Amino acid sequence: MTVTRVLFGLLVLLACLNVVLFGNNLELGRKRKLGDGCYHVFLDVGSNIGVHSRFLFEPSKYPDAKTGRRLFNEHFGDEESR
């Protein structure tokens with residue numbers, strides 16, 4: 001497993017941890033699913049699997065990607081807090 005895949009897995013785990021710990025008042029009889037209760041989920045799909053996750057957690061390695069950095073900062077917080 002690469003570091004990027006581990007970090008991406010942690011991102012998904014942390015995004016959904018509130019469901020496991022606190023629940024979310026699901027209707028009775030419905031089985032709980034991984035994404036229940038998550039407001040935002042980042043999916044890295046496409047031909048370069050893992051690159052966008054790495055970009056999210058290691059933005060300093062992509063200094064010329066100003067638009068991408070701006071969008072990630074807007075939606076996932078500043079680079080120091082990720």
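Residues numbered from 1 in each chain as written. Predicted model: local features only at pLDDT ≥ 70, side-chain atom pairs only at ≥ 80, totals over all residues. Heavy atoms only, no water.

Engineer: Would you mind showing me how to read the packing of aromatic side chains here?
Structural biologist: The geometry of an aromatic ring pair comes down to the distance between the two centres and the angle between the two planes. Applying the stated rule across the entire model yields three aromatic pairs. Plain terms: the ring middles of Phe-55 and Tyr-62 are 5.2 Å apart, the flat faces sit at 65° to each other, and that makes the pair edge-to-face. Judged by its relative accessible area of 24%, Tyr-62 falls in the partly exposed class. Centroid distance Phe-72 to Phe-76: 5.7 Å. Interplanar angle 75°. Geometry classified as edge-to-face. Of this pair, Phe-72 and Phe-76 are both found in helix α3 (residues 66–76), four residues apart, which corresponds to roughly one turn of the helix. We classify Phe-72 as buried; its relative accessible area is 13%. (Phe/Tyr/Trp six-rings, centres within 6.5 Å; stacked < 30°, edge-to-face > 60°. Buried < 20%, exposed > 50% of the residue type's maximum accessible area, 1.4 Å probe, protein only. Helix = DSSP H or I, 4+ residues; strand = E, 2+ residues; numbered from the N terminus.)

Engineer: What is the right way to read the confidence of the model for the protein chain from this model?
Structural biologist: Parts of the prediction with low pLDDT should not have their coordinates interpreted in detail. Per-residue confidence for the protein chain averages 76 on the pLDDT scale, and 74% of its residues sit at or above 70. Predicted confidence in the protein chain is weakest over helix α1 (residues 3–22), with a mean pLDDT of 67, and strongest over α3, with 87. (pLDDT = per-residue confidence, 0-100.)

Engineer: It is not clear to me how the pattern of salt bridges should be interpreted in this structure. Could you clarify?
Structural biologist: Where charged atoms of side chains with opposite charge meet at close range, the side chains can pair. In the structure shown here, the tally under the stated rule is four salt bridges. Between Glu-58 and Lys-61 there is a salt bridge whose closest N-O contact spans 4.0 Å. For Arg-69, the salt bridge goes to Glu-79, with nearest N and O atoms at 2.9 Å. A residue pair is termed long-range when its members are at least 10 positions apart, and Arg-69 in helix α3 and Glu-79 in the segment after α3 qualify at ten residues. (Salt bridge = Lys/Arg side-chain N within 4 Å of Asp/Glu carboxyl O.)

Engineer: What am I meant to see in a nonpolar patch on the surface here?
Structural biologist: On the surface, a cluster of nonpolar side chains totalling about 310 Å² of accessible area is made up of Val-41, Leu-43 and Val-45. In this fold, Val-45 is placed in the loop between α1 and α2 (51–57). Assessed through its relative accessible area of 65%, Val-45 is described here as exposed. (Patch = residues over 30% accessible without salt bridge, like charges linked within 9 Å, V, L, I, M, F, W, Y side chains within 5 Å. Areas by Shrake-Rupley, 256 points an atom, 1.4 Å probe, with all protein chains shown as cover.)

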